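Close look at the chain arrangement
Letter by letter, the chains look like this.
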Amino acid sequence: MDIINILTVFILAIFVGFEIITKVPPTLHTPLMSGSNAISGIAIVGAIIATKVGGEIGTWLGLIAVIFATINCVGGFMVTDRMLKMFKRK
Amino acid sequence: MEYTNLAYVLAAVLFILGIKKLSSPKTARSGNTIASIGMLIAIIATVTSFDLLDFKLIAIGMIIGAIIGATFAIRVEMTQMPQMVAIFNGFGGGASALVAAAEFFSKYGTAEQTTFLTGTIILSIFVGTLTLTGSFIAFGKLQGFVSGQPIVFPGQQILNGLLALSLIAMGAYVTMGSGQEMNMFYGVILVAAILGITLTIPIGGADMPVVISLLNSYSGVAAAATGFVLMNNGLIISGALVGASGLILTNIMCKGMNRSLANVIFGAVGLEQESGGGEAKQISIKSSTTDEAAMILDAADKVIVVPGYGLAVAQAQHAVREVAEQLESMGKKVLYAIHPVAGRMPGHMNVLLAEANVPYELLMDLDQINPEFEDCDVAIVLGANDVVNPAARHDTSSPIYGMPILDVDKSRTVIVNKRTMNPGFAGIQNELFGFDNTVMVFGDAKEMLTTLHKDLKEL
């Protein structure tokens, strides 16, 4: 994939991000934050790849990265669900 | 490899749909589930796309991470949410930096080490490491391990400037050079780590909502930079979403305090406040009791509750809901006014009240509630101070001048509950307390509300 393509994806994603996130009401800003925390755990994909292609150092750095990113994914989605469960109507 | 990329696109679509469903509390929970399915798809696609992966190692890492993450998620109290988000930002940034470092070591000195690759690796490591150490300091401040006061020393800005310059110089050297730059590479990591600390310690506890939002954004930027390193669309799109989200929230928090981002980061607010309230005007206040407050409320039709962080500190969320329900059963209309910086992070107060079973339709934000004060009979201010100070509207000499406030003073009567007459975070006296239509009821919010509830029932 060449650099221009990937830059295009990046810039368009920022615009999509701004569009959808400005529509999140203030009431849900904390869940938005913990949820986007979980999404930034996508680094786990890179971490898994690093354990394979990074040689011996890569394996260990990748392993620590896998742990960090999993904490983000699992913890982030779980705590967001816990919070959203509490938002009730009358 | 083709289907892996398709899976990443699918994951990104699910993340976007998930966030889109966060536009209403009704659909939000399913949105979170959709996003988590997206993550699962991305992980499965990655694991199955490589032969010879050390599954055992990855599984061990995931199990350890899952146990730690789940423990945090289950045990954290809602008042501690800012700390948890702070530390998670740190882990996210750290993971991105580690992946970039692994890539650097594997490609170092090979033909694959292009300028673009090294440049993005340096960027990813810089942002990721800074996020990691900055988040841990923010966590420490919120948890009370590190002083919540701004930590400042002479020459701090110069030091930060020098650190930033040396970081850029070393980063450029590693990116442009070829061969002997391993030490410089370690230098980048070290200086980024130090800079994360020195940039966060001068920021006061009250400004933490901005810092957490900003670090949230950084963790997204770090993930996106790692996406460029690996040329991976999944990371780039997700990182861009998180980066945008953090930036929007940072902006909302800054607006809520009427401060520029630069002022929050470099201003060290909370220290030099003695000079701020110099000509402290004497104001005479009317102190009252809960049964008098109960009588005022009995005569009201429309009541607006204004919770500040003092309410959460006093653990009085349930007590306030009981009072509000009592008032509703007496046929009164009750609404809650939530200022953007009422809690310790964006939307924090809403979560604290939701936990106490306050229905979310009653929680109004600044723009929705301010017109409502005009025909409001009683506004009850609980542990809030600067966000209801009318000086922000007219007193150009006030440090909070221009900050958007809740116009509680426009209500017919204002009942203010505070522990003492101590000024708020901005260190200034609140003229609202001396207004003719203001009644002060001193005491702990929880005790006061519990007694008020009793008094209302006995009317």
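Not measured: the values here are computed from a predicted model.

Our focus in this paragraph is the overall build of chain A. Secondary structure summary: chain A contains four helices and zero strands in total. For chain A, whose C-alpha radius of gyration is 17 Å, the value lies well above the compact-globule estimate of 12 Å for 90 residues. Once the C-alpha set of chain A is aligned to its principal axes, its extents read approximately 55 × 30 × 10 Å. Counting the 90 residues in chain A, one finds 66% classified as buried. Summarising the internal contacts of chain A: among those between residues at least 6 apart in sequence, 58% fall at separations of at least 24.

Our focus in this paragraph is the overall build of chain B. Helix and strand counts for chain B come out as 17 helices and six strands. Looking at chain B as a whole, 54% of its 459 residues are labelled buried. Partitioning the contacts of chain B with sequence separation of at least 6, the portion at a separation of at least 24 is 79%.

Their axes nearest at 9 Å, the elements helix H2 (residues 29-40) of chain A and helix H4 (residues 81-107) of chain B cross at an angle of 20 degrees. Relative to H4(B), the element H2(A) lies roughly parallel. At the point where H2(A) passes H4(B), the crossing takes the left-handed sense. Along its contact with H2(A), which presents Thr30(A), Met33(A), Ser34(A), Asn37(A) and Ser40(A), the element H4(B) presents Met81(B), Val85(B), Phe88(B), Asn89(B) and Gly92(B). Here the residues of the contact of H2(A) with H4(B) are counted per class, giving four nonpolar, six polar and no charged.

Attention now goes to the sheet that holds strand E1 (residues 302-307) of chain B. All names here are of chain B. In spatial order, the strands read E3-E2-E1-E4-E5-E6; together these six strands make up an open sheet with parallel pairing. Each edge of the open sheet is held by one strand with a lone partner, namely strand E3 (363-365) and strand E6 (438-442). Across the sheet, the mean angle from the axis of one strand to that of its neighbour is 25 degrees, orientation sign disregarded. Bridge count for E1 against strand E4 (residues 378-382) is five bridges, and the pairing is parallel.

Ala65(A), Val306(B) and Val381(B) are the most contacted members of the largest nonpolar core, which totals 189 residues. Built from parts of two domains, this core gets at least three residues from each of domain 1 (76-266) and domain 2 (290-458) of chain B.

On the chain B side, the residues contacting the 79 residues of chain A number 90 residues. Sorting the residues of the side of chain A that touches chain B by element identifies helix H1 (3-21), H2, helix H3 (43-53) and helix H4 (55-86) of chain A as the ones contributing at least two each. Counting residues per element, the side of chain A that touches chain B draws most heavily on H4(A), at 30 residues. Of the residues assigned to the side of chain A that touches chain B, the class counts are 48 nonpolar, 23 polar and eight charged.

So, on to the domain arrangement of chain B. Interface size is commonly expressed as the accessible surface area that is lost when the partners come together. Residues and elements named next belong to chain B. Each assigned domain of chain B is listed with its residue range as follows: domain 1 (76-266) and domain 2 (290-458). Look at where the C-alpha atoms of domain 1 and domain 2 centre, and you get two points 37 Å apart. In this complex, domain 1 contributes 17 residues to the contact, which on the side of domain 2 involves 15 residues. Those elements giving two or more residues to the side of domain 1 that touches domain 2 turn out to be H4, helix H8 (208-230) and helix H9 (233-257).

As a further point, take helix H1 (residues 2-20) of chain B. End to end, H1(B) covers 27 Å across 19 residues, agreeing with the expected 27 Å (1.5 Å per residue, within 8%). Those residues of H1(B) that sit buried are Ala7(B), Tyr8(B), Ala11(B), Ala12(B), Leu14(B), Phe15(B), Ile16(B), Gly18(B) and Ile19(B). The elements touched by buried residues of H1(B) are H1 and H2 of chain A together with helix H2 (25-49) and H9 of chain B.

Let's shift gears to the environment of Lys21(B). When you line up the elements, Lys21(B) lands in the loop between H1 and H2. If near-sequence neighbours (up to four positions away) are discounted, Lys21(B) is found in contact with Thr27(B), Ala28(B), Ser30(B), Gly31(B) and Ile34(B).

On to the confidence of the model for chain B. Residues and elements named next belong to chain B. When pLDDT is averaged along chain B, the result is 90; 95% of the residues meet or exceed 70. Here helix H10 (residues 261-266) stands out as the element of chain B with the lowest mean pLDDT, 83, in contrast to E1, whose mean of 97 is the highest. Segment residues 272-279 is flagged for pLDDT under 50; beyond a separation of four residues in sequence, or across chains, it makes nine contacts in the model. What the predictor reports for the complex is a pTM of 0.91 with an ipTM of 0.96.

Take unusual backbone geometry next. Residue and element names in this part refer to chain B. Phi at Asn258 takes a positive value of approximately 55 degrees, unusual for a residue other than glycine. By the element assignment, Asn258 lies in the loop between H9 and H10. Residue class for Asn258 comes out partly exposed when judged on the 15 C-beta atoms lying within 10 Å of it. In this model, Gln315 sits at a positive phi of 55 degrees, which is unusual for a non-glycine residue. Residue classification places Gln315 among the partly exposed positions, given that 15 C-beta atoms sit within 10 Å.

Rules and cut-offs
- Residues numbered from 1 in each chain as written.
- Chains lettered and ligands numbered in written order.
- Predicted model: local features only at pLDDT ≥ 70, side-chain atom pairs only at ≥ 80, totals over all residues.
- Helix = DSSP H or I, 4+ residues; strand = E, 2+ residues; numbered from the N terminus.
- Rg over C-alpha atoms; globule rule 2.2 N^0.38 Å.
- Buried ≥ 20, exposed ≤ 12 C-beta atoms within 10 Å, placed from the backbone.
- Contact = placed C-beta atoms within 7 Å.
- Axes fitted to C-alpha atoms, helices over the stretch in contact; angles between N-to-C directions.
- Parallel < 35°, antiparallel > 145°, perpendicular 65-115°, else oblique.
- Left-handed = near helix turned anticlockwise from the far one by under 90°.
- Nonpolar A, V, L, I, M, F, W, Y, C, P; charged D, E, K, R; others polar.
- Pairing = 2+ DSSP bridges.
- Core = buried A, V, L, I, M, F, W, Y, C linked by C-beta atoms within 7 Å.
- Domains from an automatic or database assignment.
- Expected span 1.5 Å × (residues − 1).
- pLDDT = per-residue confidence, 0-100.

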